[in-house]
Amino acid sequence: MEAHPYFTQTELRQTLDKYNIKLMSWYPLGHGDKALINEPIFAELGNKYGKSSAQIILRWHTQIGFVVIPGSKNVDHIRDNLDILDFELTANEMAEITKLDKNTRYYNRTDSQLAQFAVWKPDFEKK
């Protein structure tokens, strides 16, 4: 499901927690939105921990309980995305990041897209 600091999926997480189900975060870095990446809290925490804003956001994801698999074709980015396990955000820092929630999605599907998804078949199934 789409989840990032601007869209924390609070209600869904509460439901999933009842069944010990973890949400896998899609668009964990807000689809590269500069407004999200450049939020002052991420720069501040990045300076404190010696990490990039993206690393702070990914650490927030793991601490909130999301399964996060950020995509990249850049080897350096992939390496940096994995370098988030040597620090932990405090409860207050987590709370500050969670305050960024605007309940804003980056992906908004239309009914016509949903209809297309419902009938789409990969090439190997068309034979």
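Up top you'll find the structure we're talking about.
Throughout what follows, the structure given in this document is the object of discussion. Here the residue index of a chain counts from 1 through its sequence in written order. Only residues with pLDDT of 70 or above have their local features reported here, since the model is predicted, and side-chain atom pairs are shown and tallied only from 80 upward, although totals for entire chains, interfaces and linings are computed over all residues. Hydrogens and water are ignored here; the side-chain numbers use all heavy atoms of the structure.

1. Concerning the overall build of the protein
No. 1: Elements are defined by DSSP. Helices are runs of H or I of four residues or more, strands are runs of E of two residues or more, and each kind is numbered from the N terminus. Secondary structure assignment for the protein yields seven helices and two strands.
No. 2: Moving toward the C terminus, one meets the helices and strands of the protein in the order α-β-α-α-α-β-α-α-α.
No. 3: Burial statistics for the protein: of 127 residues in total, 35% are counted as buried.
No. 4: The contacts in the protein between residues at least 6 apart in sequence include a share of 74% that link residues at least 24 apart.
No. 5: To measure how exposed things are, a 1.4 Å probe is used in the Shrake-Rupley method; for residues, cover is taken only from the protein chains shown. For the protein, the accessible area works out to roughly 8,500 Å², and carbon and sulfur atoms hold 54% of it. Using a 1.4 Å probe on the protein chains alone, a residue whose accessible area is under 20% of its type maximum counts as buried, one over 50% counts as exposed, and one in between counts as partly exposed. Any two residues whose heavy atoms approach within 4.5 Å at even a single point are treated as in contact.

2. What to know about the pattern of salt bridges
No. 1: By definition, a salt bridge exists where a carboxyl oxygen of Asp or Glu is found within 4 Å of a side-chain nitrogen of Lys or Arg. The tally for this structure, following the rule as stated, stands at six salt bridges.
No. 2: Notably, a salt bridge pairs Glu 96 with Lys 99, separated by 2.9 Å at the nearest N-O pair.
No. 3: For Glu 96, a relative accessible area of 37% gives the class partly exposed.
No. 4: Bridged by salt links that share partners, the residues Lys 51, Asp 83 and Asp 86 form one connected network.

3. Considering unusual backbone geometry
No. 1: Phi is positive for Gln 9, which is not a glycine, with a value near 60°.
No. 2: Assignment of secondary structure puts Gln 9 in the segment before helix H1 (10–18).
No. 3: Backbone geometry places Asn 20, a non-glycine residue, at a positive phi of 55°.
No. 4: Looking at the element boundaries, Asn 20 is found in the loop between H1 and strand E1 (24–25).

4. Thoughts on helix H6 (residues 91–98)
No. 1: Every buried residue of H6 is listed here: Glu 93, Met 94 and Ile 97. Across the axial projection of H6, the buried residues extend over an arc of 100°, all falling on one side. Exposed positions of H6 whose direction lies more than 90 degrees from the buried face are Ala 91 and Asn 92.
No. 2: Each element contacted by the buried residues of H6 is listed here: helix H3 (40–49) and helix H4 (53–64). Along the arc lie the directions from the helix axis toward the C-beta atoms.

5. Details of a nonpolar patch on the surface
No. 1: A cluster of nonpolar residues, Met 24, Val 67 and Ile 69, forms a patch on the protein surface that exposes about 280 Å² of accessible area.
No. 2: Owing to a relative accessible area of 55%, Ile 69 belongs among the exposed residues under this scheme. By definition, no residue in a patch forms a salt bridge, and every one has over 30% relative accessible area; like charges are joined within 9 Å, nonpolar side chains (Val, Leu, Ile, Met, Phe, Trp, Tyr) within 5 Å.

6. Some details on the side chain of Lys 51
No. 1: Looking at the element boundaries, Lys 51 is found in the loop between H3 and H4.
No. 2: Here the side chain of Lys 51 touches Asp 83 through a polar contact of 3.0 Å, landing on its backbone oxygen. Under this definition, polar contacts are N or O atom pairs within 3.5 Å; protein pairs additionally need one hydrogen-donor-capable and one acceptor-capable atom, and for neighbouring residues in sequence, both atoms have to be side-chain atoms.

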